[in-house]
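Remarks on the overall topology
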Amino acid sequence: DQQVKQNSPSLSVQEGRISILNCDYTNSMFDYFLWYKKYPAEGPTFLISISSIKDKNEDGRFTVFLNKSAKHLSLHIVPSQPGDSAVYFCASWGGTYKYIFGTGTRLKVLA
Amino acid sequence: SAVISQKPSRDICQRGTSLTIQCQVDSQVTMMFWYRQQPGQSLTLIATANQGSEATYESGFVIDKFPISRPNLTFSTLTVSNMSPEDSSIYLCSAEGLADGTDTQYFGPGTRLTVL
């Protein structure tokens with residue numbers, strides 16, 4: 001049972017445009033959410049997080065939105081740059097005291 | 001943040017053999033974890049490495065297959081025992097609970113294992 005879902009395995013965006021990566025979760029106990037970025041042959045690196053008491057968190061070009069009623073979060077990257085090309089994982093924490101990761105979305109930013 | 005290193009970065013092993021992966025963190029951490037990422041799948045938690053006691057394994061993972069050590073607050077090992085081709089995967093260690101008080105998990109670069 002996949003509790004964290006990233007339904008788009010891949011996404012291509014033109015440089016300078018907005019990238020929107022989506023993530024859905026099923027467990028209402030989840031109260032902390034993170035996005036990780038992963039380059040080939042490297043471990044995931046932390047990007048941005050959001051607590052369930054917020055609906056938006058912004059850090060430079062990266063903004064995460066949380067819709068608790070829909071159990072949905074999204075990561076917006078504006079403007080997208082070629083260096084943003086990577087696999088993005090969302091992760092949830094709560095209830096079971098461990099992180100649960102989605103399957104990832106491969107973002108390709110076209111120059 | 002923390003810098004986490006893993007050794008080896010990759011290995012090709014024969015069926016039936018065992019491989020021990022080392023994970024070193026550059027600062028003391030409360031929690032260390034081992035994950036597996038099989039092709040096209042999400043990161044799956046294998047176990048929590050507990051300092052000074054037996055690791056806590058997730059459903060589907062057992063100590064005989066994946067023995068784990070954590071002798072101190074900065075180091076852990078994961079052994080993949082009696083390997084089969086199904087164990088081919090990327091194995092990642094992660095750490096949480098840095099002195100800066102954040103809850104973020106930091107990951108090592110991963111060990112790419114291929115079992116023939």
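What this report covers is the structure whose coordinates are included nearby. Numbers given for residues are sequential positions, taken from 1 along each chain in its written order. Chains carry letters from A onward and ligands carry numbers from 1 onward, assigned in written order. Given that the model is predicted, a residue must reach a pLDDT of at least 70 before its local features are reported, and side-chain atom pairs must reach 80 or more before they are shown or counted; all residues, however, enter totals for whole chains, interfaces and linings. Side-chain measures were taken over the full set of non-hydrogen atoms in the model, leaving aside hydrogen atoms and water.

**A look at unusual backbone geometry**
Here is the rule we go by: Runs of H or I in DSSP of at least four residues are treated as helices and runs of E of at least two as strands, each being numbered from the N terminus. Think of it in three bands: residues with accessible area under 20% of the maximum for their type are buried, residues over 50% are exposed, and the middle band is partly exposed, with areas taken using a 1.4 Å probe on protein chains only.
For the bond from V78(A) to P79(A), the omega torsion is -10 degrees, close enough to zero to count as cis. In this structure, P79(A) sits in the loop between strand 8 (72-77) and strand 9 (86-93). A cis amide bond links K7(B) with the next residue in sequence, P8(B), at an omega value of -5 degrees. Note on placement: P8(B) falls in the loop between strand 1 (4-7) and strand 2 (10-13). The phi dihedral of K71(A) falls on the positive side, at around 50 degrees, and the residue is not glycine. Here K71(A) shows up in the loop between strand 7 (62-67) and strand 8. Residue classification places K71(A) among the partly exposed residues on the basis of a relative accessible area of 26%. Of note in this structure, N82(B) is not a glycine but carries a positive phi near 45 degrees.

**Examining the sheet that holds strand 8 of chain A**
Residues and elements named next belong to chain A. Note the cut-off: Should DSSP find at least two bridges between two strands, the strands are taken to pair.
The five strands are arranged 1-3-8-7-6 in an open sheet whose pairing can be described as antiparallel. On the outer flanks of this sheet lie strand 1 (4-5) and strand 6 (56-59), each paired with one strand and no other. Sheet topology note: the strand 6/strand 7 ladder contains four bridges and is antiparallel. When the bridges of strand 7 are listed, N57 appears paired with V64.

**Points about the sheet that holds strand 7 (residues 68-72) of chain B**
Residues and elements named next belong to chain B. Keep this limit in mind: Axis geometry follows a simple rule: fit a line to the C-alpha atoms, using only the stretch in contact for helices, then measure angles between N-to-C directions, giving values from 0 to 180 degrees.
Sheet architecture is open: four strands sit in the order 1-3-8-7, paired in antiparallel fashion. In the strand order of this sheet, the two ends are held by strand 1 and strand 7, each with one partner. With direction set aside, neighbouring strand axes in the sheet form an average angle of 15 degrees. As judged from the six bridges shared by strand 3 (residues 19-25) and strand 8 (residues 75-80), these two strands associate in the antiparallel manner. Across the sheet, residue Q24 finds its bridge partner in strand 8, namely F75.

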